[in-house]
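For reference, the chains in residue letters:
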Amino acid sequence: MAEARREAVALAYSAADSAPRVVAKGRGLIAEEIIARARAHGVFVHESPEMVALLMQVDLDARIPPQLYVAVAELLAWLYRLEHGAEAAPTGQ
C-alpha cells in the first residue's frame, strides 16, 4: 500500500493582520521542507489532516477565510497555553 502524500501549510499572524495568512504550502518534498524548516526554527508543528486539507484551498499569502477563524483560533489558544504553561490557563472559571 502506498503511503499518503504528505501536505503542509504554514500560517503567520501578527497584530497588524486581521486574520492569519497562509505563507507557505505544498505537497511531498515541499511539505517536508516546510515542516523541517519550522522545526529547525522552533516553530510548533501541529498535525491535523482535516485542517491542512481546508487550508490547502486558501491561496498563498491570502488570509484564512472567516469559516476557519474558530478552528484556527482554538488551535492558537491551545498552542499559547502549551507554550506558556499553567499561567496561561483561565482563572476563576
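Analysis parameters
Residues numbered from 1 in each chain as written. Predicted model: local features only at pLDDT ≥ 70, side-chain atom pairs only at ≥ 80, totals over all residues. Heavy atoms only, no water. Helix = DSSP H or I, 4+ residues; strand = E, 2+ residues; numbered from the N terminus. Buried < 20%, exposed > 50% of the residue type's maximum accessible area, 1.4 Å probe, protein only. Contact = heavy atoms within 4.5 Å. Areas by Shrake-Rupley, 256 points an atom, 1.4 Å probe, with all protein chains shown as cover. Core = buried A, V, L, I, M, F, W, Y, C linked by side-chain atoms within 4.5 Å. Salt bridge = Lys/Arg side-chain N within 4 Å of Asp/Glu carboxyl O. Expected span 1.5 Å × (residues − 1). Arc of directions from axis to C-beta.

Caption draft 1: Just the overall build of the chain, in detail. Counting its secondary structure elements, the chain contains 3 helices and 2 strands. Taking all 93 residues of the chain together, 25% fall into the buried category. Contacts spanning at least 24 positions in sequence make up 54% of the contacts within the chain whose residues lie at least 6 apart. With the model as given, the accessible surface of the chain reaches about 6900 Å², and the carbon-plus-sulfur share is 57%.

Caption draft 2: Just the nonpolar core, in detail. By size, the foremost hydrophobic cluster in this structure holds 11 residues: Val9, Ala19, Val22, Met51, Val52, Leu55, Met56, Val58, Ile64, Leu68 and Val72. No other element matches the 3 residues that helix H2 (residues 49-55) contributes to this core. Beyond its immediate stretch of four places on either side in the chain, Val9 contacts Val22, Ala24, Lys25, Val52, Leu55 and Met56. In terms of nonpolar packing, the next biggest core, distinct from the first, is built from 5 residues, Ala8, Ala10, Ile34 and Ile35 among them.

Caption draft 3: Spatial organisation of the pattern of salt bridges. If you walk through the whole model with that rule in mind, you get 7 salt bridges. The partner of Glu32 in a salt bridge is Arg6, with the nearest N and O atoms 3.6 Å apart. With Glu32 in helix H1 (residues 29-40) and Arg6 in the segment before strand S1 (7-12), this residue pair connects regions lying 26 residues apart in the sequence. Taking relative accessible area as the criterion, Glu32 reaches 37% and is therefore assigned partly exposed. With its nearest N and O atoms 3.5 Å apart, the salt bridge here joins Glu47 to Arg39. A residue is classified by how much of its surface remains accessible, and Glu47, at 54% relative accessible area, is exposed. One salt-bridge network, in which partners are shared between bridges, spans Arg6, Glu32, Arg39 and Glu47.

Caption draft 4: Expanded view of helix H3 (residues 69-84). In a regular helix each residue adds 1.5 Å, so 16 residues correspond to 22 Å; H3 covers 22 Å between its end C-alpha atoms and thus fits that length. In the segment just after H3, Gly85 is the residue with positive phi, at about 70°.

Caption draft 5: Expanded view of H1. Taking 1.5 Å as the rise per residue, H1 with 12 residues should run 16 Å; its terminal C-alpha atoms sit 16 Å apart, in good agreement. When H1 is considered as a whole, its buried residues turn out to be Ala31, Ile34, Ile35 and Ala38. Seen along its axis, H1 keeps its buried residues to an arc of 95°; they face one direction. Residues Leu29, Ile30, Arg37 and Ala40 are exposed on H1 and point more than 90 degrees away from its buried face. On the buried face of H1, the contacting elements are S1 and strand S2 (21-27). Positive backbone phi, approximately 75°, marks Gly42, located one or two places after H1.

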